[in-house]
Amino acid sequence: MKKNINSNFYIPQIEKRNRLARRFKYTTLAAVILSLSFLGFFLFDIVKTGYPAFQQSYIKVEIKFDEETASNPYGIFDKTMSKLISRAWLRSLPQKIAKNPQWMGTTQTFWALLNAEADQHIKGRLSRLDDSLKIKIEELLLKEEIEKRLNVIFFFTGDSKIPENAGFYSAIIGSILTMMVTMTLAVPIGVMTAIYLEEFAPDNKITQIIEVNINNLAAIPSILFGLLGLAIFINFFGVPRSSPLVGGMTLALMSLPIIIVSSKAALKSVPASIRQAGYGLGLTKWQVTKDHVLPLAFPGILTGSIIALAQAMGETAPLIIVGMIAFVPDAVTNITSAATVMPAQIFTWSGMPERAYIEKTAAGIIVLLSVLISLNTMAVILRKKFEVKW
Amino acid sequence: MSNDLLFLLFFGGFIPILFIAYIVGKSKANKISAQGVTLHSQASQYGWLTALYTGLPAITFATTGIFLYLFDFYLIPPFMLIASALGLAALTLFIVTQNIKATTKARDLIENVLKNILILATLISILTTFGILFSIIFESLHFFQRESITGFLFGTQWNPDTAFLEGASRGGEDVANAQFGAVPIFAGTFYITLIAMAVAVPIGLFSAIYMSEYASLKVRNIIKPTLEILAGIPTVVYGFFAAITVAPFIVDVFAIFGMTASYRSALGAGIVMGIMIIPIISSLSDDVISAVPQNVRNGALALGMNKAETIKFVVLPSAMPGIIAATLLGVSRALGETMIVVMAASLRPNLTMNPLEDMTTVTVKIVEALVGDQEFDSSLTLSAFALGFVLFVVTLIINIVSITTIRRFHQKYKISNL
Amino acid sequence: MSIKKSTMALLATASIATSMLANDQIRIVGSSTVYPFTSYIAEEFGATAGFKTPVVESTGSGGGMKIFCSGVGIGTPSFTNSSRPIKAKEFETCQENGVKEITGLMIGFDGIAIAQNKETPSLNLTREQIFLALAQEVPSKDGKILIANPYKKWNEIDASLPNREIRMIGAPTTSGTRDSFDEMVMEEASKSFPTYEGKPYKKIRTDGAYIPGGENDNLIVQQLTQDKAALGYFGYSFLEENHDKISGVTLNGIAPTANNIADGKYPVSRSMFMYMKNAHIGQIKGVYEFMNLYVQDAMIGQKGVLKNIGLIPMPTETLKEVQKSVKAKTLLTKEMVEKHTVLPVK
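Now for a look at the structure at hand.

A tally of helices and strands in chain A yields 17 helices and three strands. The C-alpha radius of gyration of chain A comes to 30 Å, more than 25% above the 21 Å expected for a compact globule of 390 residues. In terms of principal-axis extent, the alpha carbons of chain A reach across some 90 × 80 × 40 Å. Residues classed as buried in chain A amount to 53% of the 390 residues present.

All names here are of chain B. A rise of 1.5 Å per residue sets the reference length of helix H3 (residues 78–98), with its 21 residues, at 30 Å; its end C-alpha atoms lie 30 Å apart and thus fit the reference within 8%. What H3 keeps buried is the set Leu81, Ile82, Ala85, Ala89, Thr92, Leu93, Val96 and Thr97. Burial along H3 is one-sided: seen end-on, the buried residues are contained in an arc of 135°. Away from its buried face, by an angle of more than 90 degrees, H3 presents the exposed residues Phe79, Met80, Phe94 and Gln98.

Under the criterion given, the structure shown has three cavities of 30 Å³ or more. Forming the boundary of the second largest cavity are Glu117(A), Gln120(A), Leu126(A), Ser127(A), Arg128(A), Pro353(A), Glu354(A), Arg355(A), Glu241(C), Asn242(C), Asp244(C) and Lys245(C). Classifying every residue of the lining of the second largest cavity by side-chain character gives two nonpolar, three polar and seven charged.

This part covers a positive patch on the surface. A cluster of like positive charges, contributed by Lys16(A), Arg19(A), Arg22(A), Arg23(A) and Lys312(B), occupies part of the molecular surface. For the positive patch, the element with the highest residue contribution is helix H1 (residues 14–50) of chain A, accounting for four residues. Within the secondary structure, Arg23(A) sits in helix H1. For Arg23(A), a relative accessible area of 55% corresponds to the exposed category.

Here we come to the pairing of strand E1 (residues 55–64) of chain A. Residues and elements named next belong to chain A. As paired elements, E1 and strand E3 (residues 146–150) share five bridges and run antiparallel to each other. Directly across from Gln56, in E3, lies its bridge partner Arg149. Both E1 and strand E2 (residues 107–113) contribute to a ladder of seven bridges, which runs antiparallel. Along E2, the bridge assignment pairs Ile59 with Ala112.

So, about the packing of aromatic side chains. One pass over the full model with this rule turns up 37 aromatic pairs over all chains. A ring pair is formed by Phe154(A) and Phe155(A), whose centres lie 5.3 Å apart and whose planes are at 90°; its orientation type is edge-to-face. Both rings, one in Phe143(B) and one in Phe144(B), keep their centres 5.4 Å apart while their planes meet at 70°; by these two values the pair is edge-to-face. Feature note: the residues Phe54(A), Phe154(A), Phe155(A), Phe168(A), Trp349(A) and Tyr357(A) constitute an aromatic cluster, connected by ring pairs. The residue whose ring lies beneath Lys161(A) is Phe327(A), and the NZ or CZ to ring-centre distance is 4.6 Å. Of note, Lys277(C) hangs over the ring of Phe68(C), and the distance from its end group to the ring centre comes to 4.8 Å.

Moving on to a nonpolar patch on the surface. All names here are of chain A. On the surface, a nonpolar cluster with roughly 510 Å² of combined accessible area is contributed by Leu150, Val152, Phe155, Phe156 and Tyr169. Here Val152 shows up in the loop between E3 and helix H8 (153–156). Of the residues examined, Val152 reaches a relative accessible area of 44% and is grouped as partly exposed.

What follows concerns the nonpolar core. All names here are of chain B. By size, the foremost hydrophobic cluster in this structure holds 196 residues, and its most contacted members are Phe152 and Ile366. Residue contributions to this core peak at 14 residues, all from helix H7 (residues 183–214). Beyond its immediate chain neighbours, meaning those up to four positions away, Phe152 contacts Phe143, Phe144, Trp158, Phe180, Gly181, Ala182, Val183, Phe186, Ala386, Leu387 and Val390.

Residue and element names in this part refer to chain C. Burial runs high along strand E13 (residues 269–277): eight of the nine residues are buried. Relative to E13, strand E4 (residues 102–117) is paired through nine bridges, and the arrangement is antiparallel. Bridge pairing in E13 places Gly111 opposite Ser269.

Rules behind the numbers
Residues numbered from 1 in each chain as written. Chains lettered and ligands numbered in written order. Predicted model: local features only at pLDDT ≥ 70, side-chain atom pairs only at ≥ 80, totals over all residues. Heavy atoms only, no water. Helix = DSSP H or I, 4+ residues; strand = E, 2+ residues; numbered from the N terminus. Rg over C-alpha atoms; globule rule 2.2 N^0.38 Å. Buried < 20%, exposed > 50% of the residue type's maximum accessible area, 1.4 Å probe, protein only. Expected span 1.5 Å × (residues − 1). Arc of directions from axis to C-beta. 1 Å grid on protein atoms, 1.4 Å probe; cavity = no way out; pocket = protein on both sides within 12 Å on 5 of 7 lines; lining within 4 Å. Points joined across faces, edges and corners; volume = space filled by probe spheres on them. Nonpolar A, V, L, I, M, F, W, Y, C, P; charged D, E, K, R; others polar. Patch = residues over 30% accessible without salt bridge, like charges linked within 9 Å, V, L, I, M, F, W, Y side chains within 5 Å. Areas by Shrake-Rupley, 256 points an atom, 1.4 Å probe, with all protein chains shown as cover. Salt bridge = Lys/Arg side-chain N within 4 Å of Asp/Glu carboxyl O. Lys, Arg positive; Asp, Glu negative; His and termini not counted. Charge placed at Lys NZ, Arg CZ, Asp CG, Glu CD. Pairing = 2+ DSSP bridges. Phe/Tyr/Trp six-rings, centres within 6.5 Å; stacked < 30°, edge-to-face > 60°. Lys NZ or Arg CZ within 6 Å of the ring centre and 35° of its normal. Core = buried A, V, L, I, M, F, W, Y, C linked by side-chain atoms within 4.5 Å. Contact = heavy atoms within 4.5 Å.

So far we have only geometry, and geometry alone does not tell us how the molecule works.
Written as structure tokens, this is what we have:
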């Protein structure tokens, strides 16, 4: 508005007020930008720390196989090379030889895994190598006898005390097993509860109390569920400690409120006309629910379950109390042996002193975040796809 | 016999019996209808009826037996329990099949049984709350039998270390007494929560105002889900970020001013926790601000206020109950947060006003007490439950206040629907 | 329900049920000092011996003994690590709970190293000075009575010591390292103060100068890298593994090095042990084979792999005797426990 001092509508304070209004608007915008930049900075930092872990350094070596080599793989190389080559790689040689007896007496060329200190130096970070070793590495790099490759070990090996050999595999499998238990327990119970509350429950005080109770359950700190798991599942029922079974049971209880609330919303969104048509044809309440309401509410229930799954997958505190942070290098194949899960593995690695574990922790975080983001995206896509406007 | 083998046996015998029940029931119904009599329900429903009536008594019997076994009331040997459960199933199968008539209201009976199964499922969520309450209270009572409550709630020295030796019956005169004064721990939790809310409330609230008042629909549809991502990041990841990036940064920044900050400062943990809580505050505040009816805003605009003034003096005060509720929810989340503080705060109970020092929280102490020695007869392990009990009560009160506030807010604006 | 769906459900249940029938996972608990060594061997075992890798938990020697001695069931751990010999009381508890057959294995030596941040000026302490810094009650100036510990800085104890706040991060009471520290530093030092009337004193002050650091010794190391004024103590292997961040404090002029500890010159050294529950041999796959692998020369011998990560190996003759004892599955007796050994008493 043009500043027309002589106009009857001119108020002297209006400029100041408009200035304040503009400042206010920009403050709120700044808040949004600040939040988004936290997110951006955070993701950038994690990726920057973690992506080097997806590459591992290897060195070209020649080994002559004879009796001595097969019995003592650690003595094959001279002192210098022994300080560079990974023990884990050498340790696996006898088994390889056993599988390939035709190698005996011949000389074979391999790309051997370099140990963590050498690997850190190659990636440009501080390492504990002597200068002479560092020079040797530079030489070999120039001669192209050292190269960096995609780190498949990370995805197919479990945890290890030897940093270059540490991988995420056992944690991934442990997470899968635990999630299977969680979903098998939480989804049926949650959906059944939602069906009862939506379709069958009378509208009285008791139902209200149940609903208040479910809302409260959603807000209880996760660590208290861990206490419940320890006191009742492990101590009272005797479920094996650190197993995906007890972890899954604890997480199932935590996921119940989310599944119940989203399933209730999904059931509520099915219009009454569908139900009434069923009743009109003489169907019982259960038949209407099972054959007509549930299939229509299914997309909503599915997205709710996926979101609950994603939340449960990132939970650490209750699983620590229940014991899932032991050193578990092998992937487990059943739900009653000790296992670890992805967030717990990240937690364990973050406490290890060797510098090589820092990038592994960040890499593990990248894997975990990718899984979570894809689950959430899938839920959103499914929701959009099945969204039916009544 | 190992538990696993027992389960295998039970299900191995049980599931075929259910199958047989279904087939037998259905065929009996078919036989009756083949004789020309009209059945009350469909034939398959009689099959389901038989299966249900066969299965339920057997399962209830087996479960009760297991519970009695666990409570050490009636020590029925497991093998006999399974055999008798299966026997019961077979017996009920026989009885039910004998009693199927054309007038048996299979449909209604099934309906009833299913409804009761649903009620049972609902009870599980109630049982969970009671389970948590029970286990925590039970163990806390153990703890308070040994240590004084007032000492716990008001004492300022927390040195539980030697309690382990007592529990392992290695205590004695030459061991210092364990002390359980939890005030420094409560103070640490409170302080870090305060820092977190100081970060989360301004940023969250202002972001919500922008999203609901100023942003175009397109922009809002991008920003809102992106902020939700912040809520979806696992807390262990935040903890790692706090320990590796934020804490050293704080140490460096304050070193410029000549002050020494600990690598495990309350400030570091608090800031990262605040970032985690931003989406909770912004999302809920956004909802309540959008729920304020447009006519309220129109009235203010008509009186000559500009947009910022409308928001500051009209919309926000109306939405205030909801915003307070959102803040309370954020506080409750911060109080119960574990991973960020385990990784970024320290183990040392420290009663101080300096946010640059390290301090510990209730959740950290719970984790510390329970990782390691798990025998439930030392005060050290039980102290975790006492702390958990306090945490539970406090968060419960805050949650109830928050939910009632929101409910009242929604009711207020539902009525005045001009 | 169609026949196909129902058979699939049946198969699924059966497969889940059979997968539950597994008892081939060896569980090991115990000392945080021995934890890095046992985890290393556990990994070796899983990678080369064809058995499942044992699961190792760090609970502290005391905590581990408690869980180990709680019973013989398959759910209890098969091994426990300990950075000090099993105590008579613990042995009794074991016997009472049915754990009657235990075979012990000595792993090697360890020294308790006191360390500080590498950038802090070097320090030399005597046992008595450490005692005065940490005891709950210390002799008064005239030596006649005991008073609550008043010392806040090192130079208050002895003017030659630096002007630094007394802050020691150490092990909690579940830890064997703590037991060793109490015995070999506190109780030993208290003998030179007549005020204690000959009774060994090991109560540690609780006013904040001594901070129990939890079972994870790595965290203590981390804290030392950040807090330049603090001291910490842990097993020698942690000093060795982190020598780029922390340096050792000399005790009576002797530095904590592998040689000094092996010779016995460094006054605070001890042996580390692992105990096996013989009842689990045959019940859980690989229990005896694991013990067998551990005693190999290649593992804990003078040129063994554990030496590279900070273990101080025992003399070759002692190792031979330990190997013999393990081969014979020598059972632990009350006498052996009292003499703090795992070898048969002659």
